[in-house]
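A look at the structure
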Amino acid sequence: MKTIAFYDAKPYDRQYFNAANDDRFHFRFFESKLNADTVALADGADAVCAFVNDDISEKVLDKLVDLGIHIVAMRCAGYNNVDIKSAYRRVHVVHVPAYSPYAVAEHTIGLLLALNRKLHRAYNRTREHNFSLDGLIGMDLYGKTIGIIGTGRIGRVFANICKGFGMRVVAYDPYPTPDANFAYVSVDELCRISDVISLHCPLTKDTYHIINEESIAKMKHGVYLINTSRGSLIDSQALMAGLKSGKIGGAGLDVYEEESDFFYEDFSNRVLQDDRLAALISMPNVILTSHQAFFTKEAMNAIATTTLNNLCQYFNGEPLPNEICYRCANSTCNKTKNMRCF
Ligand code: NAI
């Protein structure tokens, strides 16, 4: 029986992976995140299962190869934390491309609704028996323009939800969907005309800090910014400046640039060492959740089932439809011919 080493494993990972296992694999769960200091824990395992804040750099991949491990199964969609160029021809990388776009899109609209109608503040007020409405005024979303950056699986589900609210949807994506029921515009135009901007593109070298001082300057005064994609899409220093000046009217963030040292851990008994994160959390017009947009029962079931199927396919020598490599993007990838990236 093959052994899988899970990093950054929480009780809910154990629960859903144990339920999906069907006695196919032996699991070793580690609370530590994967990095150069912890990779040795995988000694004796046949595969590694990693998550969004693990560090799968060249150094870690070198060590995995030394340990005889040639597969990393990402139990998530994004893989910006994997050096896929360095993994090529050495370590297969599989992921879960679409477990529930609804989970993420629904969390995104949840952040927007809470931010706009100040539900987080109203909840605290009524608990204190303060029934005043001062400062809680929102706006109708109906008729407002929402700009969606990235119209893949999640972006399109989110666009449909926004349409249901009667919002005007515009989008930017270098690879537009041909049958889209919304208009594509340039990023500049999207920034200029949107009342709300929501990010749904992957983190790549092209999208790193796609929201920065310059793009914020082009936005409407009081724009709402929502990010459930990856923290480094937004320059957090520029975000802070925009929030302080009022240019950005509010931010709903499920991700944060420097989240990896904090998210998924309990710091409630300690002083937070990231001043910018502490400042963001303290702002009344910022709602921050801890990278939880994916976290529904349906998504966890799908993540566990697909990840274990990916591993079965690898160990059985079968095609790997969910494999990724740096050549997939420029269509020189071998997967079309050989059913595996290498
Ligand atoms: P997808 O691959 O279906 O769609 C991504 C879209 O972004 C594609 O249409 C692509 O053409 C577009 N894109 C690529 N480069 C772009 C650029 N420079 N500017 C604008 N758009 C660009 O991915 P999916 O499933 O919709 O996920 C999107 C992202 O959501 C993931 O990359 C991940 O970072 C994030 N995510 C966050 C989760 C959370 O729990 N907060 C859970 C799952 C995904």
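An account of the accompanying structure is given in this report. Just so we're clear, the structure is a prediction, and the values are computed from it rather than from any experiment.

1. Topic: the overall build of the protein chain
When its secondary structure is counted, the protein chain shows 12 helices and 13 strands. Relative to the globule expectation of 20 Å for 342 residues, the C-alpha radius of gyration of the protein chain, 21 Å, shows essentially globular dimensions. Dimensions of the protein chain along its principal axes, counting C-alpha atoms only, are 60 × 50 × 35 Å. When burial is assessed residue by residue, the protein chain has 51% of its 342 residues classed as buried. Long-range pairs, those at least 24 residues apart, make up 64% of the contacts in the protein chain between residues at least 6 apart in sequence. As displayed, the protein chain offers around 16,300 Å² of accessible surface, 49% of which is attributable to carbon and sulfur atoms. Placing the 36 positive and 39 negative side-chain charges of the protein chain at their respective mean positions leaves the two points 4 Å apart.

2. Here we look at empty space enclosed by the protein
Taken as a whole and judged by the stated rule, the model has 1 cavity of 30 Å³ or more. If you add up the space inside the largest cavity, you get close to 50 Å³. If you trace the largest cavity, you find it lined by N227, G231, I234, S236, L239, L253, V255, Y256 and E257.

3. Examining the side chain of D254
Turning to its location among the elements, D254 is positioned in the loop between β11 (248–253) and α10 (275–282). The side chain of D254 is buried and forms no salt bridge, while R230, the nearest opposite charge, is found at 7.3 Å. Here A293 takes part through its backbone nitrogen, which lies 3.0 Å from a polar atom of the side chain of D254. For D254, the residues in contact, after removing those within four places along its chain, are H107, L111, N227, T228, E259, F263, T289, S290, H291, Q292 and A293.

4. A closer look at the pattern of salt bridges
Following the criterion strictly, the structure yields 8 salt bridges and no others. In this structure, R75 engages D13 in a salt bridge whose closest nitrogen and oxygen atoms are separated by 3.5 Å. Here R75 is found in the loop between β4 (71–74) and α3 (84–87), whereas its partner D13 is found in helix α1 (residues 11–21), with 62 residues between them in sequence. The exposure class of D13 is buried, given its relative accessible area of 6%. With its nearest N and O atoms 2.9 Å apart, the salt bridge here joins R90 to D62. Within this pair, whereas R90 is found in the loop between α3 and β5 (92–94), its partner D62 is found in helix α2 (residues 58–66), the two being separated by 28 residues in sequence. Residues joined in a network through salt bridges with shared partners are D8, K10, K33 and E265.

5. Details of the environment of V223
Within the fold, V223 resides in strand β10 (residues 223–227). Judged by its relative accessible area of 1%, V223 is buried. Once the C-alpha coordinates of V223 and I146 are considered, the two residues, 77 residues apart in sequence, prove to be 9.9 Å apart.

6. Brief notes about the site of the ligand
Around the ligand, 24 residues are found, and the nearest of them are Y99, R153, I154, D173 and T228. Contact distances for the ligand include 2.6 Å between an oxygen atom and a side-chain N or O atom of D173. F294 places a polar main-chain atom, nitrogen or oxygen, 3.0 Å from an oxygen atom of the ligand. Taken together, the residues that form the shell around the ligand break down as 12 nonpolar, 8 polar and 4 charged.

7. A short note on unusual backbone geometry
The backbone phi angle of R89 is positive, close to 65°, even though this residue is not glycine. The backbone phi angle of H209 is positive, close to 55°, even though this residue is not glycine. By the element assignment, H209 lies in the loop between β9 (196–199) and α8 (213–218).

8. A closer look at the pairing of strand β7 (residues 168–172)
As judged from the 5 bridges shared by strand β6 (residues 145–149) and β7, these two strands associate in the parallel manner. Within β7, the residue paired with I149 across the bridge is Y172. Handedness of the crossover joining β6 and β7 through helix α6 (residues 153–164) is recorded here as right-handed. Alignment of β7 against strand β8 (residues 183–184), held across 2 bridges, turns out to be parallel. Across the sheet, the residue bridging to A171 is Y184, located in β8.

Cut-offs used in this document
- Residues numbered from 1 in each chain as written.
- Predicted model: local features only at pLDDT ≥ 70, side-chain atom pairs only at ≥ 80, totals over all residues.
- Heavy atoms only, no water.
- Helix = DSSP H or I, 4+ residues; strand = E, 2+ residues; numbered from the N terminus.
- Rg over C-alpha atoms; globule rule 2.2 N^0.38 Å.
- Buried < 20%, exposed > 50% of the residue type's maximum accessible area, 1.4 Å probe, protein only.
- Contact = heavy atoms within 4.5 Å.
- Areas by Shrake-Rupley, 256 points an atom, 1.4 Å probe, with all protein chains shown as cover.
- Lys, Arg positive; Asp, Glu negative; His and termini not counted.
- Charge placed at Lys NZ, Arg CZ, Asp CG, Glu CD.
- 1 Å grid on protein atoms, 1.4 Å probe; cavity = no way out; pocket = protein on both sides within 12 Å on 5 of 7 lines; lining within 4 Å.
- Points joined across faces, edges and corners; volume = space filled by probe spheres on them.
- Salt bridge = Lys/Arg side-chain N within 4 Å of Asp/Glu carboxyl O.
- Polar contact = N/O pair within 3.5 Å; in protein donor to acceptor, adjacent residues only side chain to side chain.
- Near = heavy atom within 4 Å.
- Nonpolar A, V, L, I, M, F, W, Y, C, P; charged D, E, K, R; others polar.
- Pairing = 2+ DSSP bridges.
- Right-handed = clockwise from strand over helix to strand, strands pointing away.

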